[in-house]
Each structure stands twice: as structure tokens, then as C-alpha cells.
Amino acid sequence: MMIECKVKIRGVKPILFHKFNIESISEMSKVKSGTAGNNPDEWRNSFFEEGGQIYMPGGYITSALKNGSVHTKQGRGSIQKSWISAIQVQEEKVYLNRKMPENWQELSTDDFPKDPSNEVYLDIRMVANPNTKGRNVRYRIACSIGWECEFTLLVNDKILSKEIVKKVVEDTGVLQGIADARTLGYGRFTVLECEFLK
């Protein structure tokens, strides 16, 4: 039987977003600004709605929790396979408590806030492609420490206990993080609520 679990998290590290764009595949791309591996306007195609409300796809939550579940042991392995079978994220879009800066449509990349003391800022850094060893400049929307979001897990309680679900969510926040640059420590969070509705 599937039961609902309401989760609320708060970021203890900034969270960064990069949205894959089909136009980034060179043979299908349109004319765009910048050069290959350095497009200063790529942030304009990130996860926010027309009014500037920032969100992340539900798939970000699914992926983060799946990776976080590897830290919970079951026998000689982890519960990851059971987790994948037993958990769904209900929301297609998970909204953060952040919006793009006022008049963001009119801001150039140079004018967009870059100081992490802003609630929303532009993170610009060099990233390495592990396959080609090439380096690209990435221009990503970032939310500073204190970002929050809420989402709903659908849990098969015949497979996973409530205690295990809470442990995985907490472990994911401490050990894994969510969204981009997780290996650099970004996207880490603390759990404010993890309440089952049954």
C-alpha cells in the first residue's frame, strides 16, 4: 500500500541549477551567444517560471534520494534497490522559497548579482567534462543558504518502514545533497519535517 510522506527541507549550503538543453547538442543547436563550452546566457534557460519562481524537477529529488539510500545498509549491501521500487516523488515541479531578482529579464550576465549573500545569484565556475577531460565555463542560477522546499513521497510501506524513509532523507541531506556540484558540497540540507499522513 502506498502512503504519503510530507517532507520539508532547508539548505545548509547553496544549491546550483543547470538545465540540460537539447540545443546544447551541437548538430541540433541554433545560433547562440558565446562559444562552445562558454555560453554566458545559459542561465536564462534554467528552472524558473515566467514570473521568476524557481523550482526543481521532481526527478532531482528522486535521483538525490536514490543516491542517498546507498548509505543505509541491508545485509551485505544497501537498501537502494528496495528504495527504487518503493518510492515515488509526487510533484513534477518542487518549488523553492526563492524568486529571480526583480527585472531579471532585463539583466545582462554582467549585471546579474553574483554575491552569495543574495538570495538568488549567478554562480560562474569552470567545470571539467569527465569523458573528454575538456573544461567548460558554467553559468548557473544559485540559491543561497536557507533555501527551502516541500515535496511529497509516495511510499510502499510493505517494503520500507517509516524509520528507514526518514533515515534516508536525513542521510541524503548530510552525505549527498541535491542538484549540481554535489561533490563540492553544494545542495546539502537539513530536514525540517518528514511526516507520514497515516
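Everything here concerns the structure above.
The structure displayed is predicted, hence computed values, not measured ones.

**Q** Can you help me understand the overall build of the protein in this one?
**A** From N to C terminus, the protein includes 3 helices and 11 strands. The helix and strand sequence of the protein, counted from the amino end, reads β-β-β-α-β-β-α-β-β-β-β-β-α-β. Relative to the compact-globule value of 16 Å for 198 residues, the protein shows a C-alpha radius of gyration of 18 Å, a close match. If you line up the protein on its principal axes, its C-alpha atoms span 50 × 40 × 30 Å. When contacts within the protein are restricted to residue pairs at least 6 apart in sequence, those whose partners lie at least 24 apart make up 73%. Approximately 11100 Å² of the protein is accessible, and the part contributed by carbon and sulfur atoms is 49%. Positive and negative side-chain charges in the protein, numbering 28 and 25 respectively, have mean positions lying 9 Å apart.

**Q** Help me out: how do you make sense of the packing of aromatic side chains in this one?
**A** Where two aromatic rings form a pair, the distance of their centres and the angle of their planes describe that pair. What the rule picks out here adds up to 7 aromatic pairs. A centroid spacing of 5.7 Å and a plane angle of 65° characterise the contact between Phe47 and Tyr55, whose relative ring orientation is edge-to-face. Judged by relative accessible area, which is 8%, Phe47 ranks as buried. An aromatic cluster is present here, built from Phe17, Phe47, Tyr55, Tyr60 and Tyr95 joined pairwise through their rings.

About the criteria used
- Residues numbered from 1 in each chain as written.
- Predicted model: local features only at pLDDT ≥ 70, side-chain atom pairs only at ≥ 80, totals over all residues.
- Heavy atoms only, no water.
- Helix = DSSP H or I, 4+ residues; strand = E, 2+ residues; numbered from the N terminus.
- Rg over C-alpha atoms; globule rule 2.2 N^0.38 Å.
- Contact = heavy atoms within 4.5 Å.
- Areas by Shrake-Rupley, 256 points an atom, 1.4 Å probe, with all protein chains shown as cover.
- Lys, Arg positive; Asp, Glu negative; His and termini not counted.
- Charge placed at Lys NZ, Arg CZ, Asp CG, Glu CD.
- Phe/Tyr/Trp six-rings, centres within 6.5 Å; stacked < 30°, edge-to-face > 60°.
- Buried < 20%, exposed > 50% of the residue type's maximum accessible area, 1.4 Å probe, protein only.

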